[in-house]
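The primary structure of each chain is shown beneath.
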Amino acid sequence: DELFAFSQTLVAEPRPHWQRHVDMQDELHLLRDTTSGRLLGFQLWHFGGPIIWGGKLRFDPRIRGLGLNLLLTLVTLDSA
């Protein structure tokens, strides 16, 4: 599974623990390199009524600090 393999390069988690958190989420946003298609990050979201709860967030260290998590929050708010 691409998401699990990517996540393991950043944070070591047992598959059952990781899968439990993924299965609880409602929305997935992927960030890919536009040239190669390589996965650069993902964020999962959980909706609880009118509240959006953050889920899992995993970004390649090379794209951290660019505010992409804020952009994904705005996209999620627009789709909620």
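Note that the coordinates shown come from a computational prediction; the quantities given were computed from them, not determined experimentally.

J.: Break down the side chain of E13 for me, with residues and values.
T.: Position of E13 relative to the elements: it lies in the loop between α1 (2-8) and α2 (15-23). Here the side chain of E13 touches K56 through a polar contact of 3.0 Å, side chain to side chain.

J.: Which residues make up the sheet that holds strand β3 (residues 51-59), and what are the values?
T.: Taken in spatial order, the three strands of this open sheet run β1-β2-β3, and their pairing is antiparallel. Every interior strand has two partners, whereas the edge strands, β1 (27-32) and β3, have only one. Strand-to-strand twist in this sheet, taken as the mean axis angle between neighbours without regard to direction, amounts to 15°.

J.: Quick one: what's the story with the pattern of salt bridges, residue by residue and with numbers?
T.: Counted by the stated rule, this structure contains six salt bridges. Residue E13 pairs with R58 through a salt bridge whose shortest N-O separation is 3.1 Å. With E13 in the loop between α1 and α2 and R58 in strand β3, this residue pair connects regions lying 45 residues apart in the sequence. You'll find E13 and R58 in the same group, each marked buried. The partner of R38 in a salt bridge is D60, with the nearest N and O atoms 3.5 Å apart. One end of the pair, R38, is in the loop between β1 and β2 (39-48); the other, D60, is in the loop between β3 and α3 (68-79), with 22 residues separating them in the sequence. The buried category is assigned to D60, whose relative accessible area is 6%.

J.: Tell me about the nonpolar core, and please be specific about residues and values.
T.: Ranked by size, the top nonpolar core spans eight residues in total: L3, F4, F6, W18, V22, L39, F42 and L44. The set of elements that each furnish at least two residues to this core consists of α1, α2 and β2. If sequence neighbours within four positions are ignored, F4 has contacts with E13, P14, R15 and W18. In this structure, L31, L40, F59 and L72 belong to the second largest nonpolar core, which totals five residues.

J.: So, the pairing of β1: which residues are in play, and what are the values?
T.: Residues E27, H29 and L31 line the buried face of β1, whereas the alternating positions L28, L30 and R32 sit on a face that is not buried. Where β1 lies against β2, six bridges are found, and the strand directions are antiparallel. The residue of β2 that forms the bridge with E27 is W45. Turn length for the β1-β2 hairpin, with the two strands adjacent in sequence and antiparallel, is six residues, and the turn residue G37 shows positive phi of about 80°.

Cut-offs applied
- Residues numbered from 1 in each chain as written.
- Predicted model: local features only at pLDDT ≥ 70, side-chain atom pairs only at ≥ 80, totals over all residues.
- Heavy atoms only, no water.
- Helix = DSSP H or I, 4+ residues; strand = E, 2+ residues; numbered from the N terminus.
- Polar contact = N/O pair within 3.5 Å; in protein donor to acceptor, adjacent residues only side chain to side chain.
- Pairing = 2+ DSSP bridges.
- Axes fitted to C-alpha atoms, helices over the stretch in contact; angles between N-to-C directions.
- Salt bridge = Lys/Arg side-chain N within 4 Å of Asp/Glu carboxyl O.
- Buried < 20%, exposed > 50% of the residue type's maximum accessible area, 1.4 Å probe, protein only.
- Core = buried A, V, L, I, M, F, W, Y, C linked by side-chain atoms within 4.5 Å.
- Contact = heavy atoms within 4.5 Å.

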